[in-house]
Amino acid sequence: MPKAPLIARTVRDLRAHVDAWHKAGHTVGLVPTMGALHEGHISLLKLAQARTTRTITSIFVNPTQFAPNEDFDKYPRTWDDDLAKLSAAQCDLVWAPTPPEMYPPGFATHVVPGGAAEGLETDYRPHFFRGVATVCCKLFTQTRADVAVFGEKDFQQLAVIQQMVRDLNLPISIVPGPTVREADGLAMSSRNRYLSPEHRAAAVTLHRVLQDIAAVVRAHDNMAAVARAEGKIEAATQAGMKTIIAAGFTKVDYLCVRDAETLKTFLAAHNRPARILVAAWLGQTRLIDNIGV
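Parameters and conventions
One numbering rule holds for all chains: residues counted from 1, following each sequence as written. Local features in this predicted model are restricted to residues whose pLDDT is 70 or higher, and side-chain atom pairs enter the listing and the counts only when it is 80 or higher, whereas totals over whole chains, interfaces and linings include all residues. Only hydrogens and water are set aside; all other atoms, that is, all heavy atoms of the structure, feed into the side-chain values. Runs of H or I in DSSP of at least four residues are treated as helices and runs of E of at least two as strands, each being numbered from the N terminus. For the radius of gyration, the atom set is restricted to C-alpha positions; the globular benchmark scales as 2.2 Å times the number of residues to the power 0.38. Think of it in three bands: residues with accessible area under 20% of the maximum for their type are buried, residues over 50% are exposed, and the middle band is partly exposed, with areas taken using a 1.4 Å probe on protein chains only. The criterion used for residue contact is that any of the two residues' heavy atoms lie within 4.5 Å. By the counting rule applied here, Lys and Arg register as positive and Asp and Glu as negative, while His and the ends of each chain are not counted. Charge coordinates come from a single atom per side chain, which is NZ of Lys, CZ of Arg, CG of Asp or CD of Glu. Axis lines are fitted to C-alpha atoms, over the contacting stretch for helices. Their N-to-C directions set the angle, which ranges from 0 to 180 degrees. Relative orientations are named as follows: roughly parallel for angles under 35 degrees, roughly antiparallel for angles over 145 degrees, roughly perpendicular for angles from 65 to 115 degrees, and oblique for any other angle. Residues are grouped as follows: Ala, Val, Leu, Ile, Met, Phe, Trp, Tyr, Cys and Pro are nonpolar; Asp, Glu, Lys and Arg are charged; every other residue, Gly included, is polar. Salt bridges are defined as contacts in which a side-chain nitrogen from Lys or Arg sits within 4 Å of a carboxyl oxygen from Asp or Glu. Throughout this description, the term nonpolar core refers to a set of buried Ala, Val, Leu, Ile, Met, Phe, Trp, Tyr and Cys residues connected via side-chain atoms within 4.5 Å. At least two bridges found by DSSP between two strands is the condition for calling them paired. Expected helix span is taken as 1.5 Å per residue step, with the number of steps being one fewer than the number of residues.

Engineer: What is the right way to look at the overall build of the protein in this model?
Structural biologist: What the protein contains, in helices and strands, is ten helices and nine strands. Relative to the 2.2 N^0.38 estimate, which gives 19 Å for 293 residues, the radius of gyration of the protein is 20 Å and therefore close to what a compact globule would have. Taking the principal axes of its C-alpha atoms as reference, the protein extends roughly 60 × 40 × 40 Å. Scored against the burial criterion, the 293 residues of the protein give a buried share of 52%. Long-range pairs, those at least 24 residues apart, make up 73% of the contacts in the protein between residues at least 6 apart in sequence. Positive and negative side-chain charges of the protein, numbering 32 and 29 respectively, have mean locations separated by a distance of 2 Å.

Okay, structure coming up:
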């Protein structure tokens with residue numbers, strides 16, 4: 001029988017466990033989540049386990065990263081199933097604070113990132129990265145983890161967290177985890193459970209469009225002129241947006257090719273790695289995805 005992980009609900013209890021681990025010479029890995037766990041989350045836990053001797057998975061649906069019109073109240077909460085998955089995966093501790101434990105009365109300090117946080121998600125969710133950066137900074141200091149693992153599916157979020165750790169000299173290493181996909185290519189996401197069968201069938205279009213654009217980006221080294229290369233990439237992006245809408249998506253927030261390191265506009269002349277990112281709506285469900293080139 002898998003051993004159930006320890007559960008901490010207060011910072012005091014959490015730190016008692018972590019301090020004992022550190023005193024015994026253990027290293028600690030953290031996987032921040034909002035619950036509704038799937039195999040993508042478990043893959044991140046396995047990465048943490050490969051790099052440390054004790055692991056923590058946080059489960060906290062963070063209210064500060066949701067706008068009033070977003071899905072905070074209906075965001076899936078699946079505690080029993082999450083705990084069973086973490087037991088089977090041999091997670092050592094679950095950090096599951098209440099909102100008042102995370103944000104006590106009088107809480108008034110926030111991390112407001114720039115740089116990698118500018119554009120893309122911020123154009124549509126201007127509150128988002130302030131909430132993410134603040135809660136992650138708190139998770140790092142609460143858990144005193146040595147390593148934290150974040151999925152590449154939320155690529156801009158990963159870049160923002162890496163930037164915050166660099167800028168604030170936080171004593172933690174950030175490890176990226178590859179996106180885990182369903183057999184048909186759809187990126188695993190807790191929000192996929194919102195999709196109707198019809199929308200689920202359409203959702204795979206995102207990955208197919210990203211792959212089509214990636215093929216054009218990969219070919220740009222063989223194009224005679226940079227202007228021609230960038231024209232072809234732009235044409236592929238515009239065609240991709242039409243394909244997404246034709247598949248049944250109601251809106252495309254963005255579909256773009258960016259420099260993989262800076263998230264600035266990708267320029268073929270620079271001959272640097274690229275990242276292709278998309279965010280689009282299927283009914284009331286917003287899906288994001290990305291791939292590297």
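Engineer: Explain the packing of helix 1 (residues 11-23) against helix 6 (residues 128-143) here, please?
Structural biologist: For any two helices packed against each other, one specifies the inter-axial angle together with the distance between the axes. The geometry of helix 1 relative to helix 6 is characterised by a closest axis approach of 9 Å and an angle of 50° between their N-to-C directions. On the basis of the axis angle, helix 1 is oblique to helix 6. Here Val 11, Leu 14, Arg 15 and Val 18 of helix 1 come into contact with helix 6, specifically with Thr 141, Gln 142 and Thr 143. Counted by class, the contact of helix 1 with helix 6 contains three nonpolar, three polar and one charged residues.

Engineer: Would you mind going over the pattern of salt bridges with me for this structure?
Structural biologist: Between side chains of opposite charge, pairing is possible as soon as their charged atoms come close. If you walk through the whole model with that rule in mind, you get 14 salt bridges. Arg 272 is the partner of Glu 261 in a salt bridge, and the nearest nitrogen-oxygen pair spans 3.1 Å. Taken as a pair, Glu 261 in the loop between strand 7 (251-259) and strand 8 (274-282) and Arg 272 in the loop between strand 7 and strand 8 lie far apart in primary sequence, eleven residues in all. Among the ionic contacts, a cluster of salt bridges with common partners joins Glu 70, Glu 121, Arg 125, Lys 251, Asp 253 and Arg 286.

Engineer: Where do I start with the nonpolar core in this structure?
Structural biologist: Nonpolar side chains tend toward joint burial in soluble globular proteins. With 43 residues, the main nonpolar core has Ile 56, Trp 95, Phe 140, Ile 161 and Ile 174 as its most contacted residues. If you list the elements that add at least two residues to this core, you get helix 1, strand 2 (28-33), strand 4 (93-95), helix 6, strand 5 (147-151), helix 7 (155-167), strand 7 and strand 8. In this view, Ile 161 contacts Val 132, Ala 133, Cys 136, Phe 140, Phe 150 and Ile 174; residues no more than four positions away in its chain are not counted. In terms of nonpolar packing, the next biggest core, distinct from the first, is built from 25 residues, Ala 203, Ile 244, Val 252 and Ile 291 among them.

Engineer: Can you help me understand the pairing of strand 5 in this one?
Structural biologist: Two faces belong to every sheet, and in a regular strand the side chains alternate between them. Within strand 5, five of the five residues are buried, leaving the element largely enclosed by the surrounding structure. Bridging between strand 5 and strand 6 (residues 173-177) involves five bridges; their strand directions are parallel. Within the sheet, the bridge partner assigned to Phe 150 lies in strand 6 and is Pro 176.

Engineer: Where do I start with helix 2 (residues 39-51) in this structure?
Structural biologist: Since one α-helical turn is 3.6 residues long, residues separated by three or four positions face the same way. Helix length check: helix 2 (13 residues) gives 19 Å between terminal C-alpha atoms against 18 Å at 1.5 Å per residue, within 8%. Among the residues making up helix 2, those that are buried are Gly 40, His 41, Ile 42, Leu 44, Leu 45 and Ala 48. In this structure, the buried residues of helix 2 make contact with strand 2, strand 3 (54-59), helix 3 (79-88), strand 5 and strand 6.

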